[in-house]
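# Descriptive analysis of the structure
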Amino acid sequence: MIAESQTGKIIRINFYFIRHAESVYNVSGKVQGHLDSELSQNGIEQAKSVAKKLEQKKFDFCFTSDLTRASDTAEYIIGENIYKESIKYFKEKLLRERNFGEVQGRDKSYFVQKAQEAGVTFEDFTPEGAETKHQIVKRWQCFFENLCHKMWIQSEKDELDIMIVSHGAFMRESIKFMLENYNCEFPYDPKDLDRSAPNSSITNFFVIMETRPDCDFNISYVKFESFYDKAHLENISETKCDL
């Protein structure tokens, strides 16, 4: 049943935006980007902890980056979910981490050194061969808006639950983009967006889509209900490498 308002149809999508669990490269302090890296043993425990937290959430869809550290995290979560047989699961290249170019596979200290040599801050530096921040958010915009439009056209439900498993820097820039481009309610300190999402953290937000007089489809409102939540990792250690 699709909800109706005075202006027409309304659909709500609840998103669970999850960073992959700790990887082997996270432990060694290396820049990953598009390179593949399996979960560490501690990362497996983190993934199981997220799975436990979400085991009773009835997801309609799960979309994950096709990189192993993200897809393995997603599969641990789905594997423990009591509704796992009904979750539609897709791997998506658009959800990959930023391509960090020449610094991929190098220690993070090398990344910092190259930024210093270029005379810019680490956060503003684009290594040779790397994606720019603009290119990252265009990937997110393409995925997010196309997904919302597809759900608008195809869904017979007025509320959906969707899990997205991705990467720290990609998540940070995607959330910044949403705050700048949609009607968002974000009851958290924006300064916290200066850091990447912690491993296995959950950011939960919902999107309201509705018709309006000048168009058929509109993302009218976004509200963040949790941000970088890692309470489920209380007794599990974590690394601080975010790339």
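See the structure above.
Not measured: the values here are computed from a predicted model. Every residue gets a number counted from 1 within its own chain, in the order that chain's sequence is written. Totals for whole chains, interfaces and linings use all residues, but because this is a predicted model, local features are given only for residues with pLDDT of at least 70 and pairs of side-chain atoms are given and counted only at 80 or more. Neither water nor hydrogens contribute to the side-chain values; these are computed over all heavy atoms in the structure.

## Remarks on the overall build of the protein
Secondary structure counts use DSSP, requiring at least four H or I residues in a row for a helix and at least two E residues in a row for a strand, with both numbered from the N terminus. Scanning the protein from N- to C-terminus turns up six helices and eight strands. What you see in the protein, going N to C, is helices and strands ordered as β-β-α-α-β-α-β-α-α-β-α-β-β-β. Taken over C-alpha atoms, the radius of gyration is set against a globule rule of 2.2 Å times the number of residues to the power 0.38. Its C-alpha atoms give the protein a radius of gyration of 18 Å, within 12% of the compact-globule value 18 Å for 243 residues. In the protein, which comprises 243 residues, the proportion classed as buried is 51%. Note that accessible areas follow from Shrake-Rupley with a 1.4 Å probe, and for residues the cover is restricted to the protein chains shown. Of the roughly 11300 Å² of accessible surface on the protein, 47% is carried by carbon and sulfur atoms. The protein carries 32 positive and 40 negative side-chain charges, and their two centres are separated by 2 Å. The rule is simple: take the accessible area with a 1.4 Å probe, protein chains only, and divide by the maximum for that residue type; under 20% is buried, over 50% is exposed, in between is partly exposed. Counting rule applied: Lys, Arg positive; Asp, Glu negative; His and chain ends not counted. Each charge is placed at NZ for Lys, CZ for Arg, CG for Asp and CD for Glu.

## A look at the packing of aromatic side chains
The relation between two aromatic rings is expressed through the spacing of the ring centres and the mutual angle of the planes. Two aromatic rings, drawn from Phe, Tyr or Trp (for Trp, its six-membered ring), form a pair once their centres lie within 6.5 Å of each other, and the interplanar angle then sorts them: stacked below 30 degrees, edge-to-face above 60, tilted otherwise. Taken as a whole, this structure holds 25 aromatic pairs when the rule is applied. Both rings, one in F205 and one in F224, keep their centres 5.1 Å apart while their planes meet at 35°; by these two values the pair is tilted. Here F205, found in strand β7 (residues 202-212), pairs with F224, found in strand β8 (residues 215-229); they are 19 residues apart in sequence, far enough to count as distant. A single burial state applies to F205 and to F224, both of which are buried. Any Lys NZ or Arg CZ that is within 6 Å of a ring centre and within 35 degrees of that ring's normal is treated as a charge sitting over the ring. One residue, K9, lies across the ring of W152, its end atom 4.0 Å from the ring centre. A cation sits over an aromatic face here: R106 above Y110, 3.7 Å from the ring centre.

## A short note on the state of the cysteines
Working definition: the covalent bond between the sulfur atoms of two cysteines is a disulfide. The disulfide criterion used throughout: a pair of cysteine sulfur atoms within 2.5 Å. Under the criterion given, the structure shown has zero disulfides. The thiol of C62 is unpaired, and the distance to the nearest cysteine sulfur, on C148, comes to 16 Å. Accessibility expressed as a relative area gives 0% for C62, which makes it buried. Here C184 is not disulfide-linked; the sulfur of C148 is the nearest cysteine sulfur, at 11 Å. Look at C184 and you get partly exposed, because its relative accessible area is 21%.

## Focus: the pairing of strand β5 (residues 159-166)
Along β5, seven of the eight residues are buried, which leaves the element largely enclosed by surrounding structure. Whether two strands pair depends on DSSP finding at least two bridges between them. Taken together, the eight bridges between strand β2 (residues 8-19) and β5 define a ladder with parallel strand orientation. Within β5, the residue paired with F17 across the bridge is I164. In this structure, strand β3 (residues 61-65) lies alongside β5, joined through four bridges in parallel fashion. Bridged to F61 within β5 is I162.

## Examining the environment of E185
With respect to the secondary-structure elements, E185 resides in strand β6 (residues 184-185). With 36 residues separating them in the primary sequence, E185 and Y221 have C-alpha atoms 8.0 Å apart.

## Let's talk about helix α2 (residues 41-53)
Note that an α-helix has 3.6 residues per turn; residues three or four places apart therefore point the same way. Under the 1.5 Å per step criterion, the end-to-end length of α2 is 19 Å for 13 residues, consistent within 8% with the ideal 18 Å. Note on definitions: a residue-residue contact is assigned when non-hydrogen atoms from the two residues lie within 4.5 Å. Looking at the buried residues of α2, the elements they touch are β2, α3 (68-80) and β7. The span expected for a helix works out to 1.5 Å for each residue beyond the first.

## What to know about unusual backbone geometry
Backbone geometry at S200 places phi at a positive 65°, although glycine is not the residue there. One can find S200 in the loop between β6 and β7. Classification of S200 by relative accessible area gives buried; the value is 0%. With a phi close to 55°, Y228 is a non-glycine residue in the positive phi region. Checked against the element boundaries, Y228 lands in strand β8.

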